[in-house]
Every structure is written in C-alpha cells, then in structure tokens.
Amino acid sequence: MALLEILHYPDERLKLKAKEVVEFNPELKQLIADMAETMYKFNGIGLAATQVNIQKRIFITDLAKEGEPSKLTAYINPVITMKQGEETGDEGCLSVPGIFEPVTRAEVITLEYQDVDGNKQSVTCDELQAVCIQHELDHLDGKVFVEYLSNLKQNFIKKKMKKLFK
Ligand code: NI
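My aim in this report is to walk through the structure given alongside it, one point at a time. Quick caveat, the model's predicted, so the values are computed rather than measured.

Comments concerning the coordination of the nickel ion
The coordination sphere of the nickel ion, as far as protein atoms go, consists of Cys93 (SG), His135 (NE2) and His139 (NE2), spread over 2.1 to 2.2 Å. Read in sequence order, the donor residues for the nickel ion give the motif C-x41-H-x3-H. You can see His135 and its partner His139 sitting in helix 2 (residues 127–140), four residues apart, about one turn around the helix. Taking relative accessible area as the criterion, His135 reaches 5% and is therefore assigned buried.

Regarding helix 3 (residues 151–164)
Across its 14 residues, helix 3 extends 20 Å between first and last C-alpha, which sits within 8% of the 20 Å expected from 1.5 Å per residue. Turning to helix 3, its buried residues number three or more, namely Gln154, Ile157 and Met161. End-on, the buried residues of helix 3 take up no more than an arc of 65°, which puts them together on one face. For helix 3, the exposed residues set more than 90 degrees away from the buried face come down to Leu152, Phe156, Lys159, Lys162 and Lys163.

Brief notes about the pattern of salt bridges
Per the stated rule, a full pass over the model turns up nine salt bridges. A salt bridge links Lys29 to Asp117; the nearest nitrogen and oxygen atoms lie 3.0 Å apart. With Lys29 in helix 1 (residues 26–41) and Asp117 in the loop between strand 6 (108–114) and strand 7 (120–125), the pair connects residues that are 88 residues apart, well separated along the chain. Since its relative accessible area comes to 41%, Lys29 is described here as partly exposed. Across the salt bridge formed by Lys153 and Glu101, the nearest N and O atoms sit 2.9 Å from each other. Separated by 52 residues along the polypeptide, Lys153 in helix 3 and Glu101 in strand 5 (residues 101–105) bring together distant segments of the chain. The partly exposed category is assigned to Lys153, whose relative accessible area is 35%. The class for Glu101 is buried, based on a relative accessible area of 17%. Within the structure, one salt-bridge network assembled from shared partners comprises Lys17, Arg57 and Asp141.

Observations regarding the pairing of strand 5
Where a strand is regular, its side chains alternate between the two sheet faces. Here strand 5 shows a buried face lined by Glu101, Val103 and Arg105 and an unburied face lined by Pro102 and Thr104. Bridging between strand 4 (residues 87–91) and strand 5 involves five bridges; their strand directions are antiparallel. Across the sheet, residue Glu91 finds its bridge partner in strand 5, namely Glu101.

Concerning unusual backbone geometry
Residue Tyr9 is joined to Pro10 through a cis peptide bond whose omega torsion reads 5°. With respect to the helices and strands, Pro10 occurs in the segment before helix 1. The phi torsion at Asn43 lies on the positive side, around 55°, for a residue other than glycine. Relative accessible area serves as the criterion here: at 69%, Asn43 is assigned to the exposed category.

Comments concerning the side chain of Thr61
Position of Thr61 among the secondary structure elements: in strand 2 (residues 58–61). A relative accessible area of 2% means that Thr61 is categorised as buried. Residues in contact with Thr61, not counting those within four places in the same chain, are Met39, Ile45, Gly46, Lys71, Leu72, Thr73, Tyr75 and Cys132.

Thresholds applied
Residues numbered from 1 in each chain as written. Predicted model: local features only at pLDDT ≥ 70, side-chain atom pairs only at ≥ 80, totals over all residues. Heavy atoms only, no water. Donors = N, O, S within 2.8 Å, 3.2 Å for Na, K, Ca; no water. Helix = DSSP H or I, 4+ residues; strand = E, 2+ residues; numbered from the N terminus. Buried < 20%, exposed > 50% of the residue type's maximum accessible area, 1.4 Å probe, protein only. Expected span 1.5 Å × (residues − 1). Arc of directions from axis to C-beta. Salt bridge = Lys/Arg side-chain N within 4 Å of Asp/Glu carboxyl O. Pairing = 2+ DSSP bridges. Contact = heavy atoms within 4.5 Å.

This is how it looks when you write it as structure tokens:
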C-alpha cells in the first residue's frame, strides 16, 4: 500500500480529462487500494483518480457513518444516465482543504459504472451519495466544485490555497 500525493486547487492538472479504463487487472486493484488509503488518511468520503494525478475514469467513496463498517465502493467508467430534481448543500474537497461552500446538484441520479472486476453495475441514489458521486464525476471531467462559485469566491479561495501550500 502506498500513500498518494493529492493535487491542490488551482493545480492545472486538476483540469485534465480522465480516460476510460480498459484493463481490469491487479494494477487497477492496487491503485484503488492506494486511493482508499489516501482518502482515509485525510478523512475524505470520496476521491477521484484525477486528484492523485492519474487520468483514469475511477473514483471511490466511503459513506459509512462513524462506527459503521466500511462502505468502500469503486466506480469505474461511471456515467450518469438519469438526473432528477435539484438540491443545494455544502461541499468540501480534499483538493481544496478547509473550504466548504454550497453547490446545487441533481437530487436523484442513476449511475452506470463498472466494478473492479469490470462487471456492469447500476445505482439510483439521492442525498449524500448522489452529491458525492456528482462531485467526484466532475473531477474526472476536469472540474473542481469551486468552479460553481462566484469569481469573487474563486479568487479568494485561490489566494487562501496559495498561502496554505506555499
Ligand atoms: Ni473533490
């Protein structure tokens, strides 16, 4: 297992678009294990491969509440096939530590994806899971949640990140 380096906003590499995963091999499983270790280390609930500078269409989530057993899930080649309603809630991101701002997302979604063995899966969800999936999927398309905010807020956050990581 290895801890991976997380890119921080406004790193240009967070804008790269991830490519489809075609090989479901032991290396993929190892990458997901390393991503999980990295996510847990920083107390995240989701992490996209883009955030660790790997341009592959993979993200992981673990939405287990404290005291619950792990619900670690890997979503590979995810595609949203249904969106319904709207909901606004605060979001945070391991690439933008310490920042929590409201974003409007679809309330209910259906996601089709592949699991670590390449099997096709589908999930319909709402609430935190729906928000988290939309947030992580954005990363794979080169988008950080900060980009939904006003220019004023984006500039403020950029300055704050520069101070934090100089
Ligand atoms: Ni994020």
